[in-house]
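# Structure at a glance
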Amino acid sequence: MWTTTLNKILSRDPCEGGWYELLQSLNKTRADDVPISLGYILKSNGLEDAIWALRTVNGHDEEIRLFAVVCARQIQHLMSDPRSIQALDVAERFATGRATNEERTRARLLALAAIQDAAGLETIHASSAAFYTLGANAAAAASLVFSLVDKALNHIHKSSRGERGSIARASFRHKQSDYFITMVGEKQ
């Protein structure tokens, strides 16, 4: 089970609303060093805050980066540029030690070019998600990728394909929540 503490969370400048929501759920008024599971944060504050809290956990970069890749792969079908898909492949290999930092940097530059060539919000968000899987900080990357995938699916929801996008977004959030719980060692 992955844990953090209120002091670790506070040291990373959490959003005020999420911070007070977590304090209230714990019946506390200030930070301390009592361990809190990320599964608890998921239940009390929701998936976005739990993913954000990954930045307060040490030693799990491989799993966190793979989580980011899994998120981005949910909208791989929106990535019209092969450089974006190549970025996902490199990020996956990098997470498991099968790609060098040089390869990551090169793939990141190519993924950035794919964003610049993208047309339409869905494709831009999808290409950006692929780009951020290659970020230097795995936890920050996971948070950004999750947000971008959610935005891409929300855009589909708001477009002419409304119901299909809404179902896809709900399915994505459910899958990622299940994956997150498994990743951090919580029971479902």
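Residues numbered from 1 in each chain as written. Predicted model: local features only at pLDDT ≥ 70, side-chain atom pairs only at ≥ 80, totals over all residues. Heavy atoms only, no water.

## Some thoughts on the packing of aromatic side chains
What characterises a pair of aromatic rings is the spacing of the ring centres plus the angle enclosed by the ring planes. We apply this condition: Between the rings of Phe, Tyr and Trp (Trp by its six-membered ring), a pair exists once the centres lie within 6.5 Å; its type follows the angle of the planes, with under 30 degrees stacked, over 60 edge-to-face, and the other angles tilted. Put simply, DSSP marks the helices as runs of H or I at least four residues long and the strands as runs of E at least two long, and each gets a number from the N terminus on. Each residue gets one of three labels from its accessible area relative to the maximum for its type: buried under 20%, exposed over 50%, partly exposed in between, using a 1.4 Å probe on protein chains only.
On inspection of all chains with the given rule, the structure shows four aromatic pairs. Their ring planes at 40° and their centres at 5.6 Å tell us that F67 and Y179 sit as a pair that is tilted. A residue pair is termed long-range when its members are at least 10 positions apart, and F67 in helix α5 (residues 61–73) and Y179 in helix α10 (residues 162–183) qualify at 112 residues. Judged by its relative accessible area of 31%, Y179 falls in the partly exposed class. Between F67 and F180, the aromatic rings sit 6.0 Å apart at their centres with planes inclined by 70°, giving edge-to-face as the arrangement.

## A word on the side chain of S44
Our working rule: In the analysis that follows, any N or O atom pair within 3.5 Å is treated as a polar contact, provided that within protein one partner can donate a hydrogen and the other can accept it, and provided that, for residues neighboring in sequence, both atoms belong to side chains. Residue contacts are counted whenever heavy atoms from the two residues lie within 4.5 Å of one another.
In this fold, S44 is placed in helix α3 (residues 38–45). The class of S44 is buried, set by a relative accessible area of 19%. A polar atom in the side chain of S44 sits 2.7 Å from the side chain of N45. Setting aside residues no more than four positions away along its own chain, S44 makes contact with E21, L22 and S25.

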